[in-house]
Structures are given as structure tokens and as C-alpha cells.
Amino acid sequence: SLSPSTLKFSNSLSYPACKIEVPERLTVSHEALIKNGLADRCVSVPVREATDADILLVHSEEYLEAVKKTPYMTLEDLKEFTLQYGDVYFHPNIYHCAKLAAGAALQLVDSVMTGKVRNGMALVRPPGHHSMSSAANGFCVFNNVAIAAQYAKQKYGLKRVLIVDWDVHHGQGVQYCFEDDPSVLYFSWHRYEHQKFWPQLRESDYDSVGKEKGAGFNINVPWNKVGMKNSDYLSVFCHVLLPVAYEFCPDLVLVCAGFDSAIGDPEGEMCASPDIFAHLTHLLMNLAGGKLCAVLEGGYNLTSLPQSVCQTVQTLLGDPAPRPANLDGPCESALESLHCVRSAHRQYWSCLKHAGIAISTKRVKLAEEEERLEKGDEEKSQEEQVWPEPPKRVTPPIRAALVLPNGVACPDGCESFGASEDADPVIVNKLRYVAAASCLFVLPQGCSDASGFLQAVLGLLLPLGYEYDPSLVLLVRMPDSGVCDSVWQQLTGLLQGLAQGHTLVLMQEGEKERVAPTASALLGDAAPSLGQLHSPLPEDVEVLERLRHRLQGDWKLLQTTGETGE
Ligand SMILES: CC(O)(O)NCCCCN
Ligand SMILES: [Zn+2]
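Residues numbered from 1 in each chain as written. Chains lettered and ligands numbered in written order. Predicted model: local features only at pLDDT ≥ 70, side-chain atom pairs only at ≥ 80, totals over all residues. Heavy atoms only, no water.

> Teacher, can you tell me more about the site of ligand 1 here?
As a structural note, the neighbourhood of ligand 1 is formed by 13 residues, with His 129, His 130, His 169, Asp 260 and Tyr 300 the closest of them. Here Gly 138 contributes a backbone N or O atom positioned 3.2 Å from a nitrogen atom of ligand 1. When grouped by side-chain class, the residues that make up the shell around ligand 1 number four nonpolar, five polar and four charged. (Near = heavy atom within 4 Å. Polar contact = N/O pair within 3.5 Å; in protein donor to acceptor, adjacent residues only side chain to side chain. Nonpolar A, V, L, I, M, F, W, Y, C, P; charged D, E, K, R; others polar.)

> It is not clear to me how the sheet that holds strand β2 (residues 161–165) should be interpreted in this structure. Could you clarify?
Hydrogen bonding along the main chain pairs the strands of a sheet, whether they run parallel or antiparallel. Spatially, β1-β6-β5-β2-β3-β4 is the arrangement adopted by the six strands of the open sheet, whose pairing is parallel. Looking along the sheet, the strands with just one partner apiece sit at the ends: β1 (119–122) and β4 (218–223). Pairwise comparison of adjacent strand axes, ignoring direction, gives a mean angle of 10 degrees for this sheet. Bridging between strand β5 (residues 252–257) and strand β6 (residues 292–296) involves five bridges; their strand directions are parallel. Counted as the bridge partner of Cys 256 is Val 295 from β6. Packed on one face of the sheet, helix α10 (residues 304–316) meets β1 and β6 and runs near 160 degrees to β1. (Pairing = 2+ DSSP bridges. Helix = DSSP H or I, 4+ residues; strand = E, 2+ residues; numbered from the N terminus. Axes fitted to C-alpha atoms, helices over the stretch in contact; angles between N-to-C directions. Contact = heavy atoms within 4.5 Å.)

> Would you take a moment to explain the packing of helix α5 (residues 94–113) against helix α6 (residues 144–156) for this structure?
Relative orientation and spacing of two packed helices are given, respectively, by the angle between their axes and the distance between those axes. Taken N-terminus to C-terminus, the directions of α5 and α6 make an angle of 40 degrees; their axes are 9 Å apart at the nearest point. By the angle class used here, α5 and α6 are oblique. Considering the relative orientation of α5 and α6, their crossing is right-handed. Only Asn 144, Ile 147, Ala 148, Tyr 151, Ala 152, Lys 155 and Tyr 156 of α6 make contact with α5, whose side of the interface consists of Ala 98, Ala 101, Ala 102, Ala 105, Leu 106, Val 109, Asp 110 and Met 113. Here the contact of α5 with α6 is built from residues that sort into twelve nonpolar, one polar and two charged. (Parallel < 35°, antiparallel > 145°, perpendicular 65-115°, else oblique. Left-handed = near helix turned anticlockwise from the far one by under 90°.)

> What is the right way to read the coordination of the zinc ion (ligand 2) from this model?
Each pair of donors in an ideal octahedron of six around a metal sits at 90 or 180 degrees, and each pair in an ideal tetrahedron of four sits at 109.5 degrees. Those donors, Asp 167 (OD), Asp 167 (OD), His 169 (ND1) and Asp 260 (OD), are the protein atoms that reach the zinc ion (ligand 2), and they lie 2.0 to 2.6 Å from it. Around the zinc ion (ligand 2), the six donor atoms sit at angles spanning 54 to 156 degrees, and that spread fits a shape best called irregular. Coordination of the zinc ion (ligand 2) draws on donor residues from a single chain, spaced D-x1-H-x90-D in sequence. For His 169, a relative accessible area of 4% puts it in the buried group. (Donors = N, O, S within 2.8 Å, 3.2 Å for Na, K, Ca; no water. Tetrahedral: all angles 85-135°; square planar, octahedral: opposite > 155°, others 65-115°. Buried < 20%, exposed > 50% of the residue type's maximum accessible area, 1.4 Å probe, protein only.)

See below:
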């Protein structure tokens, strides 16, 4: 894009320019990727302009024709043109930039769908998720991710695409585009404050679930307070997004990767630390066989934005996530939203069908009470936020070490150590040491089939594990566990988000055909998809819900509703 110095507008008229959606967003992010040694571990995908056909997958002809004229408009015409839309700034070069942003997203989709890369991120400006069929909005001109979803379905015949929008604003443009489309599941959380926050839309609330055939395929999680933290984000992933995403079983995951949901952002005013994006990314990487395309949306703090981008890219590269920072359980307001969303969607998703219904009046009083209390620290949150630099994440030289009995082949990519003494004493010692500092998770009984098992993993084991924050995950596989390979690999993959990926798997003799699938999960290969999941067995749900109610007093991340309980 043109920098101000080359912009020769007649200075008689001051042309309004956006203060926060600035070029530096991309330069500081790219520089951080280089500085952290991440850029040279990535392949850079060439950019292209989106064609008219690409853009018309989402936008109307009249809108495209109108935008096409902007490079030739006078300053006055540009101002006039801009006034018809909300919160968007047109510049003679923005049409070109908007085609590159959309084109970059499509190039990324091609690279992932053709297997050239496993996953990737498109660092683009202008963003896209607010733009609508015939309107620009919220700094967005073309809806990059919506175009990418339509493009992927059309070109690769995909049946189901998941769009995860972790930007702090509601991507209403994406919602409108796929509202009645069951092949695209749109999930968005966003600052809402009971419709007081921009874009102040009634349809951004949790009861907008989609329309007609698309009912259930639009999930809105409104944040009715600022200051949301890592716990709030993780509990929504564990108790809403992930169970539904696994049931939906997408062929491709697109992320509207806005980082204005991170601490320090002037728009979001949230308190989640940049390393939370390592966990959000990790938790999505076992869907769709690992095919994940993240496309930049918002993110306006030039310190937390690059940190969040690096956390995301480093996880896409397969590096272990950092230990989750101070998870103290979701706040009351987040629990309220969580409960409302799960109730609104219980009729559409079998993983939620047991979700409670009535919200007791007591809790509403509680919320008012909390409102009064929090008035104080809301003022505080206006002050300059400070947060620690995300911890350095080492890239392990050996990703997976296997101690195998003689005669069992070691899958390639792993380091193998015979049970005999010839193993490198340092490594074996390390393994022995690591096995000492362990915590043992034994899955609750009664998880006989994949959907019940996954319900246990996503709704119980993961939140518990995150809150417990172990230094090691010890996975013990019993020969008669009845757990099939793909579920085993999903479990092994997901749990590597804990303990900086320090995972020790113990298997019994005679399980040697389990070595290869286990090794591939430990090496970070995406687990095979489980297929669309049917309803979990009632007895499984019964066991799991009883367990949750017993444990949630001590383990806050297990809560799916406020004090009153479901
Ligand atoms: C991409 C985005 O969601 O960050 N745009 C935010 C626009 C805010 C206008 N007040
Ligand atoms: Zn945003």
C-alpha cells in the first residue's frame, strides 16, 4: 500500500485516515516472525490478486463495479463513496490491496488443499470479516475468509468448512453470507456488552443460530464484559467450539485470526495473553486432518499483535505450546454467555443436548451484584496494560523418543532406544527422570464409543488438564481399552497442548501395531478425522455429567454455567 509520504492529496481537504488499521501492523508482525527465527522455517506462498470471479463468490456485481471505480475517484468522490458505509476508509490503492488480501487467502487455501503445506497463515490488510455482499464495513472491503470458504467448496468439492473467528469483533459479514448454509459452520466470539459495543447488532447475540437449513451452523458467543482472560477463552473452546467442531467434522478449518482479542488492544480491552493463541491454534490442529488456514483480521496493539502472530505461527510449525498462564476459571459473565450459547444450540448438536436450560433469577442478581463490584476495576482497565513477554518456546531437537523391545520396528522420524543398555544414558535418564515427575490421568469408565470418549476428553480431561497444568502427561494404554487408533491419536495429539508437549506413553507388550500410530501423534502429525459423530450414549453422558458436577467445585474450568449449576 502507498505510504503517506507518496500520497499526493491536495492538502486543502483533510482526508480522514484510520488511526489503528495502519501498515505497521504487517511490518511489525513480519519483523517479529523473522526475529524469532520463524519466518525461515516457513515457505512463503506467492500472492495473487483475487479475480472478479473469486470476489463474486461473495459480493454483488454492483458492489464490485463500484469498488472498481475508487482508484480513479477524486478526493471528494472518495469521501462521498465512503460515507455510504460504516467505519471504512477508502484510498485510491485500497481496491488493489483488497484484491491482494483476498487473493492471498485463496493462495493459502490452494497450498493447503494441494498438500504443498500442512497449514499456514495469511498476514493481510485490509481485513475482511465485516464486509457484506454489497457493502464495505469495519475497515473491510472484500470478505477474505468468506471468499476462501466458497472458493474451497467450489474448487475442491468440500462438504463442510469450519470458520473460527477469534477476532474480538463479530464478523457479521461472514454470518450473513452463510446464515442458511449448513456446509459452513461459523463460530465467533466478540465483545458485545449487551449490544452496546460496535457494531451493536441484535443479530450478534447468542440466539442467532442460523436460518432454515443453516439453523445450528452459526454460533455467536457474546462477551458482555471486557477483561476476558485465558480461562474464558479456553472454557468456550472446550465446552462449545470443540465438541461441536468434532461433531461437524470439517474438511477444512479457516480462522478469522483477529488478535484484537489479546491484552493491550484498544478495541477489545480484553486481558488474554498472546500465548493463549498457541493453545487455541493447537486445539484446532487435529480437525480436518490438520488442514488449517489462518487469515489475519484485526489486532491493533503493535506489541501484542506480533507476539500473538508468533505464538500462532510457532504452533502451526508444530512446536510445543507454552505452559498455560494463570488459569483461574471463567468469570461469571463468561459462564452466563457459555450457558446461553449451549442452551441455544442444544437442539442442534447431540454433544450439547444435555446442556441445561433454565437460567435462575439468582444468577441474574449475581450478575448485577458483580456489575457493581467490577465498576471499579473497569476504570482500571482503561490504564496502560502491561504483560510479560511470552516465554521462549524451544524447538525440541528430538520430537519423539521410543524405548522399544527388540524386534519392534521404530517408525521413521523417531529416535529409538532398545530396552538394552546401549541406549544413550543421557536420554534414557531424561526419560526416566521425566517419568518420575508425572501426573496420571485415567479416563473415566464407561467411555465406550468415539463420541462418548471425545465428550470425556474435550469436556472433562482437557479443561481439567489445563487447570492442573502438569509438567508431564503420562498416557497409559490398556490393551483392552477398546479405544481405536484414530481416537487414540486424537487424544495423544490434543493432550500435547499440556506440559509443553512432554508426553510419555506407556504401552503393554503385544501392542506393537499401536507403535506407529502413537509415534505419528507424538511427532505432531494431525490425527485422522473421526468422521461425523453420532449422539454419545446416554450412559456415557450420565457418567460424565455426574463427574463434572462432582469436580467442578474444585476445578473451575469444568463449569459450564454459573453458581446455580445446570
Ligand atoms: C477487522 C476488525 O474486526 O478488527 N475491524 C474492527 C472495526 C472497528 C470499527 N469501530
Ligand atoms: Zn476486530
